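Structural overview for review
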Amino acid sequence: MYTPLTPDERQAMLQAIGVERIEDLFADVPARYRYPKLNLPPAMSEMEVTAEMQNLAEANLTVQDFITFLGAGAYHHYIPAAVDHILRRGEFYTAYTPYQPEVSQGTLHAIFEFQSLVCALTGMETANASMYDGATAVAEAVNMAYHVFRGKRPKAVLSSALHPQYLATVHTYYDASDREIVVPHEGDPTPGPDALIEAIDERTSLVMVQYPDFLGRVYDLSALAQAAHDKGALFGVAVNPLALGLLKPPGDFGADIVTAEGQPLGIPLSFGGPYLGLFATRKKYVRKMAGRIVGETVDTRGQRAYVLTLTAREQHIRRARATSNICTNNALMALAATVYLGLLGKDGLRKVAEINYHKAHYAAQRLASLEGYELAFPEVPFFNEFTLKTPLPVAEINRRLLDYGILGGYDLAQDFPHLDRHMLIAVTEMNSKDQIDLLASALDEIARDAAA
Amino acid sequence: MSEQIKIREPLLVELSSPGRRGVRFPESDVPPAALPAGLVREDLPLPELSEVDVVRHYTRLSQFNHAVDIDFYPLGSCTMKYNPKVNEDMARLPGFAHVHPLQPEETVQGALAVMYYLQEYLKEITGLAGVSLQPAAGAHGELTGVLIIRAYHRSRGDARRNKILVPDSAHGTNPASSAMSGMRVVEIPSDARGNIDLAKLKAECDDTLAGLMITNPNTLGLFEEHIEEVVQAVHEAGGLVYGDGANLNALLGVARFGDMGFDVVHLNLHKTFSTPHGGGGPGSGPVAVAEHLVDFLPGPIAEIVDHDPDDDTPVFGLVMPKRSIGRVKAFYGHFGVMVRALTYILTLGAEGLRQVAEDAVLNANYLRVMLQDTYHIPYNRLCKHEFVAEGRWEDAPGVRALDISKRLMDFGFHPPTNYFPLIVHEALMIEPTETESKRTLDAFIAAMKQIAREARENPQVLHEAPHTTPFGRVDEVKAARELVLTWFDWAK
Amino acid sequence: MSWKVPAHLKYTKNDEWINPADGTVGITDYAQAQLSDVVYVEITVSEGDEVAQGDIVATVESVKAAADVYAPVSGTVVAINDELADTPEVVNSDPYGDAWMVRLEIANPEELDGLMDAAAYEKYCEEREH
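All values derive from a computational prediction rather than experimental measurement. (Residues numbered from 1 in each chain as written. Chains lettered and ligands numbered in written order. Predicted model: local features only at pLDDT ≥ 70, side-chain atom pairs only at ≥ 80, totals over all residues. Heavy atoms only, no water.)

Turning next to the sheet that holds strand E12 (residues 385-389) of chain A. Residue and element names in this part refer to chain A. The 4 strands lie next to each other as E11-E12-E15-E14, forming an open sheet whose pairing is antiparallel. Each edge of the open sheet carries a strand with a single partner, namely strand E11 (374-375) and strand E14 (410-411). One ladder, built from 2 bridges, connects E11 with E12; its direction is antiparallel. The residue bridging Glu-374 from the neighbouring strand is Lys-389, located in E12. Its contacts with the sheet put helix H11 (residues 394-403) on E14 and strand E15 (422-426), and the angle it makes with E15 is roughly 45 degrees. (Pairing = 2+ DSSP bridges. Helix = DSSP H or I, 4+ residues; strand = E, 2+ residues; numbered from the N terminus. Contact = heavy atoms within 4.5 Å. Axes fitted to C-alpha atoms, helices over the stretch in contact; angles between N-to-C directions.)

Opposite the 188 residues of chain A that make contact, chain B presents 205 residues. For the pairing of chain A and chain B, the buried interface totals around 17,200 Å² over both sides, and the portion due to carbon and sulfur atoms is 65%. Taken as a group, Tyr-2, Phe-271 and Arg-319 of chain A account for 6% of the area that chain A buries against chain B, more than any other trio of residues on that side. Here Arg-32 of chain A ties to Glu-228 of chain B by a salt bridge, and the two come within 2.7 Å at their closest N and O atoms. (Buried area = accessible area lost by both parts, 1.4 Å probe. Salt bridge = Lys/Arg side-chain N within 4 Å of Asp/Glu carboxyl O.)

Looking now at the nonpolar core. The biggest cluster of nonpolar side chains holds 298 residues, and the ones touching the most others in it are Phe-235 of chain A together with Phe-273 of chain B. No other element matches the 20 residues that helix H10 (residues 335-371) of chain B contributes to this core. Ignoring sequence-local partners within four residues, the contact set of Phe-273 of chain B consists of Leu-122, Ile-125, Leu-248, Leu-252, Leu-267, Asn-268, Ala-341, Tyr-344 and Ile-345 of chain B. Counting 29 residues, the second-largest nonpolar core is a separate cluster that includes Tyr-373, Leu-392 and Val-394 of chain A together with Val-30 of chain B. (Core = buried A, V, L, I, M, F, W, Y, C linked by side-chain atoms within 4.5 Å. Buried < 20%, exposed > 50% of the residue type's maximum accessible area, 1.4 Å probe, protein only.)

Many structure descriptions define interface size as the accessible area lost when the parts assemble. All names here are of chain B. Looking at the assigned domains, one finds that chain B contains domain 1 (86-347) and domain 2 (350-476). Each of domain 1 and domain 2 has a C-alpha centre, and these two points are 30 Å apart. With 28 residues of domain 1 at the interface, the matching set in domain 2 holds 21 residues. With both chains or domains summed, domain 1 and domain 2 bury close to 1,900 Å², and 64% of this area falls on carbon and sulfur atoms. Counting across the domain 1 and domain 2 interface gives 1 salt bridge. Where Arg-381 meets Glu-225, a salt bridge forms, and the shortest distance between an N and an O atom there is 3.4 Å. Applying the counting rule to domain 1 against domain 2 returns 6 residue pairs in polar contact (both at pLDDT 80 or more). (Domains from an automatic or database assignment. Polar contact = N/O pair within 3.5 Å; in protein donor to acceptor, adjacent residues only side chain to side chain.)

With that settled, the discussion passes to the packing of aromatic side chains. Taken as a whole and judged by the stated rule, the model has 31 aromatic pairs over all chains. Relative to Tyr-35 of chain A, the ring of Phe-26 of chain A lies with its centre 6.5 Å away and its plane at 70 degrees, an arrangement referred to as edge-to-face. Connected via pairs of aromatic rings, a cluster forms that spans Phe-271 and Tyr-275 of chain A together with Phe-96, Phe-331, Tyr-332 and Phe-335 of chain B. Here Arg-179 of chain A stacks its cationic end above the ring of Tyr-146 of chain A, 3.8 Å away from the centre of that ring. Above the plane of the ring of Tyr-35 of chain A lies Arg-354 of chain B, whose end atom (NZ or CZ) is 3.6 Å from the centre. (Phe/Tyr/Trp six-rings, centres within 6.5 Å; stacked < 30°, edge-to-face > 60°. Lys NZ or Arg CZ within 6 Å of the ring centre and 35° of its normal.)

Below, the discussion takes up the pattern of salt bridges. The tally for this structure, following the rule as stated, stands at 56 salt bridges over all chains. With a shortest N-O distance of 2.9 Å, Lys-155 of chain A and Asp-201 of chain A are connected by a salt bridge. With Lys-155 of chain A in strand E3 (residues 155-158) and Asp-201 of chain A in the loop between strand E4 (180-182) and strand E5 (204-211), this residue pair connects regions lying 46 residues apart in the sequence. Overall, Lys-155 of chain A belongs to the buried group, its relative accessible area being 9%. With a closest N to O distance of 3.2 Å, Lys-283 of chain A and Asp-489 of chain B form a salt bridge. Of this pair, Lys-283 of chain A sits in the loop between strand E8 (277-281) and strand E9 (294-298) while Asp-489 of chain B sits in the segment after helix H14 (476-482), each in a different chain. Taking the relative accessible area as the measure of exposure, Lys-283 of chain A reaches 23% and is therefore partly exposed. Salt bridges sharing partners connect three or more residues here, namely Asp-84 of chain A together with Glu-88, Arg-92 and Arg-340 of chain B.

Chain A puts 9 residues into the contact, and the matching count from chain C is 13 residues. Linking chain A with chain C are 3 salt bridges. Between Glu-61 of chain C and Arg-287 of chain A there is a salt bridge, and its shortest N-O distance comes to 3.2 Å. Joining chain A to chain C, the criterion identifies 4 residue pairs in polar contact (both at pLDDT 80 or more). Of the residues assigned to the side of chain A that touches chain C, the class counts are 2 nonpolar, 1 polar and 6 charged. (Nonpolar A, V, L, I, M, F, W, Y, C, P; charged D, E, K, R; others polar.)

The subject of this paragraph is the side chain of Glu-113 of chain A. Topologically, Glu-113 of chain A is positioned in helix H5 (residues 105-122). Despite its burial, Glu-113 of chain A pairs with no opposite charge; the closest candidate is Arg-304 of chain A, at 7.4 Å N-O. Here the side chain of Glu-113 of chain A touches Leu-12 of chain B through a polar contact of 2.9 Å, landing on its backbone nitrogen. If sequence neighbours within four positions are ignored, Glu-113 of chain A has contacts with Thr-338 of chain A together with Pro-10, Leu-11, Leu-12, His-57, Tyr-58, Leu-61 and Trp-487 of chain B. (Lys, Arg positive; Asp, Glu negative; His and termini not counted.)

Pro-212 of chain A follows Tyr-211 of chain A through a cis peptide bond whose omega is -10 degrees. As for its placement among the helices and strands, Pro-212 of chain A is situated in the loop between E5 and helix H8 (222-230). Even without being a glycine, Leu-310 of chain A presents a positive backbone phi close to 55 degrees. Unlike most non-glycine residues, Ser-36 of chain C shows phi in positive territory, near 65 degrees.

To continue, consider the sheet that holds strand E4 (residues 38-43) of chain C. All names here are of chain C. Spatially, 3 strands are ordered E4-E6-E7 in an open sheet, and the strand pairing comes out antiparallel. Sheet topology places E4 and strand E7 (66-70) at the edges, where each strand pairs with a single neighbour. Across this sheet, the average inter-strand angle for adjacent strands is 20 degrees, counted without regard to direction. Sheet topology places strand E6 (residues 56-62) next to E7; 5 bridges connect them, and they run antiparallel. For Val-60, the partnering residue across the bridge sits in E7 and is Ala-67.

Our focus in this paragraph is H11 of chain A. One turn of the α-helix equals 3.6 residues, which is why residues spaced by three or four share an orientation. All names here are of chain A. Buried within H11 we find Val-394, Ile-397, Asn-398 and Leu-401. One side of H11 holds all its buried residues, which, seen down the axis, span an arc of 100 degrees. Of the exposed residues in H11, the ones pointing more than 90 degrees away from its buried face are Arg-399 and Asp-403. At its buried positions, H11 is contacted by strand E13 (406-407), E14, E15 and helix H12 (433-451). Downstream of H11 by a residue or two, Gly-405 has a phi angle that is positive, lying close to 75 degrees. (Arc of directions from axis to C-beta.)

Before going further, it helps to spend a moment on the pairing of E3 of chain A. All names here are of chain A. Burial along E3 is two-sided: Lys-155 and Val-157 facing one way and Ala-156 and Leu-158 facing the other are all buried. With 3 bridges connecting them, E3 and E4 associate as parallel partners. Bridge pairing in E4 places Lys-155 opposite Glu-180. Read as a crossover between parallel neighbours, the route from E3 over helix H7 (residues 164-174) to E4 is right-handed. Of the pairings in the sheet, the one linking E3 to E5 comprises 4 bridges and is parallel in character. Paired with Lys-155 across the strands is Thr-204, a residue of E5. (Right-handed = clockwise from strand over helix to strand, strands pointing away.)

Here the focus is the packing of helix H6 (residues 138-155) of chain B against helix H7 (residues 173-180) of chain B. Residues and elements named next belong to chain B. Look at H6 against H7: their axes get within 9 Å of each other, and the N-to-C directions meet at 45 degrees. Here H6 is positioned oblique relative to H7, judged by the angle of their axes. The two elements H6 and H7 meet at a crossing, and its hand is right-handed. Packed against H6, whose contacting residues are Ala-139, Glu-142, Leu-143 and Val-146, the element H7 presents Thr-173, Asn-174, Ser-177, Ser-178 and Met-180 at the interface. (Parallel < 35°, antiparallel > 145°, perpendicular 65-115°, else oblique. Left-handed = near helix turned anticlockwise from the far one by under 90°.)

A separate point is the pairing of E5 of chain A. Residue and element names in this part refer to chain A. When you tally the buried positions in E5, you get 8 out of 8 residues, the bulk of the element. Pairing of E5 with strand E6 (residues 234-239) involves 6 bridges; the strand directions are parallel. By the bridge assignment, Gln-210 is partnered in E6 with Ala-238.

What follows concerns the packing of helix H10 (residues 331-368) of chain A against H12 of chain A. All names here are of chain A. For the pair H10 and H12, the least separation of the axes is 10 Å and the interaxial angle reads 25 degrees. In terms of orientation, H10 lies roughly parallel with respect to H12. Considering how the two elements wind past one another, H10 and H12 form a crossing that is right-handed. Contact residues: Lys-359, Tyr-362, Ala-363, Arg-366 and Leu-367 in H10; Lys-433, Ile-436, Asp-437, Leu-439, Ala-440 and Leu-443 in H12. When its residues are assigned to classes, the contact of H10 with H12 shows 7 nonpolar, no polar and 4 charged.

Shown next as structure tokens:
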């Protein structure tokens, strides 16, 4: 199927090599290990495998089968048709990392555009070619800040309102190392950004928050940025990139590092991955930033061209002295985000961000007016996601909502037991007014049934 | 930009026209809310294009790339095999592509089944006891593996074990991943046959040894001839053996890491299991471990948590291993890549996988033997999936491996890996994979021989190569000194 | 091949030079040739820092390689060459002049005796070419 050699060709090649049988090519493998019997299903034709995989796919309910209000770090957005058509070009998806610039200008050029668009969006000066996802991008921010101060500031102060899976990832990376990961009020995401100020000191390399935070809240972060800079620390912000179609970019209020989960920019939910880590910083820190970077130059024919640059930072040259081990990034997902931003452009991104904002605010106002429900943070601005206090445990409500064909919001009790009646609700351009109204009447009915 | 510089394809920002749009969204059907005072951005400096601008731009750009779908891509250690098209279609089935990672488990039984069966099949293929699919790429899998090794030693109160041994033939990620997890890296030299120097290895096997990271077959494409002694030496000193599965393509169905005594390995689904490289990701780097490390795996992982009382079909759930090192990224890993890999394994079955390894090794040895009289091959013995030749000759003093690589582009081939492994001068690391026909290999051999002749007779044609590609050699020094990294850098 | 090896300097096995007369430190002509086009120099110490023999004082990057520069002897950093950040190419064009990296106040002059003189260093470079 995917192995084109014929038996005759194999024989001719064996003869050229000077061995009799294929098995002779494995003579250096100790005999007792050779040819284990693998207990795998028998090979299938393309027709059979398609049927098999379709069966598995159909065993799932999708966000298209439901009315979806679930977000919490992964969002249901519209993806213009052209995005996947570009991604399906074999010239892009069957190429490797663009090490040979003469035959990789397509990928290199697109990455340069990606870096530029990420800077446009975040208000930063330089960006890398992408990272794995939003969580690992935060972990790399911690690492970068540590190296900016050459290890002399071992402490990173992280907001308890960062996505709990991002915090968990940072802990896994560094808990047993000489980095100190300090999360004031860890386990309680409700305190605002001021709650971090006390923990910032001269040993702090990085202060990092999320914007909007995990509970959907949007704070003015300039005072926190100032507090970090007063102690000489870097200020990092993990963003929802779609929100930056509307909200002030972190570069405007003093961010030194901006990371993001890029999934909202044209990448399907795909049960959690592959997504896209965005990473941007100030140009003076570019050499401490991990990941691939593309720069502009010229070729021998006088043509503008692009090339991987600053490679002496990377693991294949520095080996154990490299600041990070990352090599493969998520280039194809970066291409998706680049095409998405190219298609939406200046007006389109602002427009879709505003639609998200208005729909979420309509939903918040409708739901808060229901008996037994209220907004957890009525005074704090939000973008497309907000926290609703509910009269019943969220798990119970969500079970009932499935009967209405509704995929309810995220149950915050899964991460924060004391927020056992708090639902994180995401509303996007995919939700019509009718859907929001249906959610409101369903929640109302569920509360009334319980009271009765 | 200076005016003499020719622009072959504009950037998005240069194609932009004020007021142009590529996508229209429906008008909002809810009453507008007041925008948050003081938090709204003033300017959004994105380009403005139509759909046709964007599609033509990226279609033209795509034509500047070499890719597996175009021609031979013998990039050593990268396993640039053909990426089956059905895998792409399967990953895009709505039931996979449009599933939210935080949906209730009862609504994602098919997705969990994909993860579960892939875990099971990878266990069977590696001969190991547990698998986590969470790591996003090979290097991420390495970091995960080293964190598991550290957690294991610490769980036994053995915290002083902080030394990781890495052969000098190893890929640079091995030492970088070890250092990143707070380990001390000690390099072990290779011997004259390309094996690990056993005496030097044994000298480092003391009570600070955390583990050995070994790539087998190694980056010379050679099977480690003393694998049993190596594993035994590390285990006797109380260390663990980490296998870098980057080169598993050579051993599919032929030998298993678990049987050889490896404790933890990572696999590259984007190499061995045919998922596309995507121009540099997304990859997927699952980690497989032996029984004593199963509880340390990152999670959550998919397990059978129950059986349907009516028909006894399994019910899948997500479970965090008991003493897990924690999660290494958000959610469960690159699920879309898992779908492709599972499709591939189901398509091939056990015999098909063995055929992959056999043909990959046959192709590599055929190239090696056919080129060995033309190119010096420093460790010239039976190779596995790849081999390393020297790209230099005494009677062609000015010619370097890079010149050979660039000249290969004129024949329509992607160059081999250059300058790696570090232990071979002017290295050309060649990995044909199993998906190439004899006809393609013969054309490559002819090109390599012609280049060797040109190196003596007309070296200029090599120094000036490539000639037929859309772009010539680029000025890397200018790129690194001037650092134009976005179009906003132009103004400065 | 031949490389410039000024007679009045002392040399390390790691290809640094030090001028015993004024304590300036840099990398040798041989080292710059091995690195090829230098694109970046970062001085990793500040004026007033105490360094021990063998401590890293700078990092030099070319397109294909990176090298750390170590203090040839112990001492106090009395000056650093800030200009190299903007003109890394002088490491290639003038390794013993404008491309000095740090100036040390030498703590133990006897440490200089352990370094190579020009003749020994020249031989050391030639040996490595084979």
